[in-house]
Amino acid sequence: MTTDSGFLEDEQLEAEKEREEQRRVNDQFLTDIRKTFGSAHGKRVFTFLLEQGGVNAVLFSRESDIYRNVAVHDFVNENVLGPVITADEEIYLSIIRERAEKLRKVEEERK
C-alpha cells in the first residue's frame, strides 16, 4: 500500500511539472506574439497572413470551393487569429481599425 501511494505521489508530481512546463511555454508564446505582432512590421505581416488566409473572404462562392474555403477560414481563425487575440486583443482591433480607416479613405477618394 505504501508503494502505491508513493507511486501516485510521483505521478502527481510529474503531472504537475508537465502542466507547469506547458504553462511556461504557453506564456512565452503569448509574449512572443505580443512583441512580434504588436510592432508595425508584425502588424503588416499579420494583416498579410489574414488576407492570404481569406479571413474576410466569402465562404460560399462556388459549390466546389465551399469546403476548402470553410476549412481555410477555420484554420486561420483558430491557429493564426486565435493566439493573437488571446495574447493581446488590442493588436487585432488596431489592425481592424487601420483597415477600416483605409477603406474609408478609398471610399472618400471615389466620391
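Everything below is about the structure printed above this text.
Structure report, in brief. (Residues numbered from 1 in each chain as written. Predicted model: local features only at pLDDT ≥ 70, side-chain atom pairs only at ≥ 80, totals over all residues. Heavy atoms only, no water.)

Describing the side chain of K43
Spelled out, the test is: Strands are runs of DSSP state E lasting at least two residues, helices are runs of H or I lasting at least four, and both sets are numbered from the N terminus onward. Throughout, exposure labels follow a simple rule: accessible area from a 1.4 Å probe, protein chains only, divided by the maximum for the residue type, with under 20% read as buried, over 50% as exposed, and the rest as partly exposed.
Along the chain, the position of K43 falls in helix α2 (residues 40-52). Residue classification places K43 among the buried positions, given a relative accessible area of 17%.

Examining helix α4 (residues 89-110)
Stated precisely, the cut-off is as follows: Expected helix span is computed as 1.5 Å times (number of residues minus one). Summarising the geometry, the arc corresponds to the directions from the helix axis toward the C-beta atoms.
The first and last C-alpha atoms of α4 sit 32 Å apart over 22 residues, in line with the 32 Å expected at 1.5 Å per residue. Those residues of α4 that fall on the buried side of the exposure criterion are I91, Y92, S94 and I95. What you see down the axis of α4 is that its buried residues fit within an arc of 165 degrees, all on one side.

What about α2?
Taking 1.5 Å per residue as the helical rise, α2 with its 13 residues ought to reach 18 Å, and the 18 Å between its terminal C-alpha atoms agrees with that figure. Along α2, the positions that sit buried rather than exposed are G42, K43, F46 and L50. Projected down its long axis, α2 shows its buried positions confined to an angular sector of 100 degrees, all on one face. Exposed residues on α2 whose side chains face more than 90 degrees from its buried face are H41, R44 and Q52. At the C-terminal side of α2, G54 shows a positive phi close to 75 degrees.

Some thoughts on the pattern of salt bridges
Quick reminder of the rule: Throughout this description, the term salt bridge denotes a Lys or Arg side-chain nitrogen within 4 Å of a carboxyl oxygen of Asp or Glu.
Counted under the stated rule, the structure contains eight salt bridges. A salt bridge links E20 to R23, with the nearest nitrogen and oxygen atoms 2.9 Å apart. In this pair, E20 and R23 both sit in helix α1 (residues 2-37), three residues apart, roughly one turn of the helix. Looking at E20, the relative accessible area reads 43%, which means it is partly exposed.

Structural notes on the packing of aromatic side chains
Think of a pair of aromatic rings as described by two things: how far the centres are apart, and how the planes are tilted against each other in angle. To be explicit about the condition: Two rings belonging to Phe, Tyr or Trp (six-membered ring only in the last case) form a pair when the distance between their centres is within 6.5 Å. Interplanar angles under 30 degrees mark stacking, angles over 60 mark edge-to-face geometry, and anything in between is tilted.
A complete count under the given rule lists one aromatic pair for this structure. Ring geometry for F37 versus F46: centroids 4.9 Å apart, planes at 45 degrees, classification tilted. Neither F37 nor F46 differs from the other in exposure class; each is buried.

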